Amino acid sequence: MIATMESAISGRDFVLGKEFSMADVIFGGTIAYMLDFKMLEPRPSFTGYAERVKARPAYAKSEARNKAVMNERGLKMPGA
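Note that the structure is a prediction, hence the values are computed from the model and not measured. Numbering of residues starts from 1 in every chain and runs along the sequence as written. With pLDDT at 70 or above as the cut-off, local features in this predicted model cover only qualifying residues; side-chain atom pairs require 80 or more to be listed or tallied, and sums for whole chains, interfaces and linings still use all residues. Hydrogen atoms and water are omitted, and side-chain values are computed over all heavy atoms in the structure.

## Some points on the packing of helix α2 (residues 22–36) against helix α3 (residues 44–54)
Thinking step 1. The contact between α2 and α3 brings their axes to 9 Å, and the two run at 120°. Between α2 and α3, the interaxial angle falls into the category oblique. Considering how the two elements wind past one another, α2 and α3 form a crossing that is left-handed. Between α2 and α3, the contacting residues are Asp24, Phe27, Gly28, Ile31, Ala32, Leu35 and Asp36 on the first element and Phe46, Thr47, Tyr49, Ala50, Val53 and Lys54 on the second. To define axes, lines are fitted to C-alpha atoms, for helices over the stretch in contact only, and angles between the resulting N-to-C directions are given on a 0 to 180 degree scale. Working definition: helices are DSSP H or I runs of at least four residues, strands are E runs of at least two. Numbering for both runs from the N terminus. When an angle is under 35 degrees it counts as roughly parallel; over 145 it counts as roughly antiparallel; between 65 and 115 it counts as roughly perpendicular; any other value is oblique. Each helix crossing is assigned a hand: it is left-handed if the near helix lies turned anticlockwise from the far helix by less than a right angle, otherwise right-handed if that turn is clockwise. Contacts are residue-level and defined by heavy atoms, with any inter-residue pair within 4.5 Å sufficient.

## Some points on α2
Given 3.6 residues per turn, any residue in an α-helix points the same way as the ones three and four places further on.
Thinking step 1. Take the number of residues in a helix, subtract one, and multiply by 1.5 Å to get its expected span. For α2, with 15 residues, the first-to-last C-alpha span of 21 Å sits near the 21 Å given by 1.5 Å per residue.
Thinking step 2. Each residue's exposure class comes from its accessible area (1.4 Å probe, protein chains only) as a fraction of the maximum for that residue type: buried when under 20%, exposed when over 50%, partly exposed otherwise. Residues Asp24, Gly28, Ile31, Ala32, Met34 and Leu35 constitute the buried set of α2. Down the axis, α2 shows its buried residues gathered within 165° of arc, on one side only. Exposed residues pointing more than 90 degrees away from the buried face of α2 are listed as Met22 and Ile26.
Thinking step 3. For α2, the secondary structure elements touched by its buried residues are α1 (2–9), α3 and α4 (57–73).
Thinking step 4. One or two residues past the end of α2 sits lysine 38, with phi positive at roughly 55°. The arc under discussion is defined with respect to the helix axis, by the directions toward the C-beta atoms.

Next comes the structure, spelled out in structure tokens:
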């Protein structure tokens, strides 16, 4: 499974190459989540990809919204 995940992004910026797509929203979010919670080995291909996904303005906006909702409801991330 790990080899298949890595092959989807090896040698590319995003799943479809240079172009960001809906596949990256789902796959990139999953990779980032798994890295953040230490569920996935932080290989350079995964960390680089997650950094590219996280650098997108919409990702930052969604993270800010998630934090606001968590604060409104008094929720905390595990380990925080």
